[in-house]
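Each chain, letter by letter, is given below.
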Amino acid sequence: MSAKRSPAHRRVVALAYFHRFGWIALMAIAMAATKRPLPSMGAGFLAMAAHTLLGYLLGWKHVFCSYQSMHHKAMTPESIRWDTVKKKDVYGVSAVLAILGLALMALAVWPRW
């Protein structure tokens, strides 16, 4: 029997799932809507990088829970332990996403030969 979760718990879990999967869905929608895949993906990757880095630096619960989920652990919004998240994971993922976003944006404006 599972305990009933509070609205705050469900909200943090929903935001954690958005952090993991929502940005990708938004990028797909933007690519389809604008018919310009490179700048849409580039902006999406930059937004993901910023969201991840800001969430870590500001201690957002849903970003912590997203990292728990990535490591196949149960999400615990009531018990946040940032010391269990490796800094190299956060900074590395943010850096890769930002570099990828900038590269895609650069390719979008690069003059065609």
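See the structure printed just above.
Residues numbered from 1 in each chain as written. Predicted model: local features only at pLDDT ≥ 70, side-chain atom pairs only at ≥ 80, totals over all residues. Heavy atoms only, no water.

1. Here's the deal with the side chain of H51
Move 1: You can see H51 is positioned in helix α2 (residues 37–58).
Move 2: Reaching out from H51, the side chain makes a polar contact with the side chain of H62 at a distance of 2.8 Å.
Move 3: Ignoring anything within four residues of it in the chain, the contact list for H51 reads F18, H19, W23, W60, H62 and V63. (Helix = DSSP H or I, 4+ residues; strand = E, 2+ residues; numbered from the N terminus. Polar contact = N/O pair within 3.5 Å; in protein donor to acceptor, adjacent residues only side chain to side chain. Contact = heavy atoms within 4.5 Å.)

2. Quick look at unusual backbone geometry
Move 1: Despite not being glycine, K35 has its phi angle at roughly 60 degrees, a positive value.
Move 2: Structurally, K35 can be placed in the loop between α1 (7–34) and α2.
Move 3: By relative accessible area, K35 is classed as exposed at 68%.
Move 4: Phi at H72 takes a positive value of approximately 55 degrees, unusual for a residue other than glycine.
Move 5: Tracing the chain through its elements places H72 in the loop between α3 (61–70) and α4 (87–109). (Buried < 20%, exposed > 50% of the residue type's maximum accessible area, 1.4 Å probe, protein only.)

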